[in-house]
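Coordinates in review
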Amino acid sequence: DIAPHDASYFLTNALEVGYEDWFARIEGIARTLGAVFAPVLLECDLEEQLRRVASDDRRARLKLSDPDRAREFIAGTRFFVPTGPSALVLDTTRRSPEDTATLVAEHVRSLADATG
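Read on for a plain summary of the structure. (Residues numbered from 1 in each chain as written. Predicted model: local features only at pLDDT ≥ 70, side-chain atom pairs only at ≥ 80, totals over all residues. Heavy atoms only, no water.)

1. Re the packing of aromatic side chains
Put simply, the rule is: Geometry of aromatic contacts follows a simple scheme: Phe, Tyr and Trp rings, the Trp one being its six-membered ring, pair when their centres are within 6.5 Å, and the pair is stacked under 30 degrees between planes, edge-to-face over 60, tilted otherwise. A helix here means a DSSP run of H or I that spans at least four residues, while a strand means a run of E at least two residues long, and both kinds are numbered starting from the N terminus. Relative accessibility decides the category of a residue: with a 1.4 Å probe and only protein chains considered, values under 20% of the type maximum give buried, values over 50% give exposed, and everything between is partly exposed.
For the structure on display, the rule yields three aromatic pairs. Consider the rings of Phe 23 and Phe 37, whose centres lie 5.3 Å apart with planes at 70°: the pair is edge-to-face. With a gap of 14 residues between them, Phe 23 in helix α1 (residues 20-33) and Phe 37 in the loop between α1 and β1 (40-43) connect regions that are remote in the sequence. With respect to burial, Phe 23 and Phe 37 carry one shared label: buried. With a centroid separation of 5.7 Å and an interplanar angle of 75°, the aromatic rings of Phe 73 and Phe 79 are classed as edge-to-face. For Phe 73, a relative accessible area of 35% translates into the label partly exposed. Residue class for Phe 79 comes out partly exposed when judged on its relative accessible area of 30%. Through a chain of ring-to-ring contacts, the aromatic side chains of Phe 23, Phe 37 and Phe 80 assemble into a single cluster.

Right under this line is the structure:
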């Protein structure tokens with residue numbers, strides 16, 4: 001109700017199994033607004049992910065940056081995987097952030113074009 005309806009929103013979350021209601025709620029809001037809903041799951045090889053977690057950029061943004069804690073979290077968590085025609089699952093292990101962003105943008109654009 002308080003966010004402009006003509007703006008685009010990117011929500012970045014690692015959803016655990018059990019949060020499907022949250023996912024459905026966000027999808028419903030997008031549908032109500034006539035917005036494109038493009039769930040994207042970014043996957044990455046564990047060792048590469050742990051290397052990335054330790055970056056200074058993550059520390060500066062107060063994100064989890066301890067590889068040991070990240071390993072424990074990943075090992076002990078079942079993550080929700082979006083499915084359906086609008087979902088994109090993308091392995092980022094050997095992709096640059098720029099390439100990943102380009103692929104996600106192309107996916108969103110193709111969904112927008114398909115809905116008119």
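Read on for the rest.
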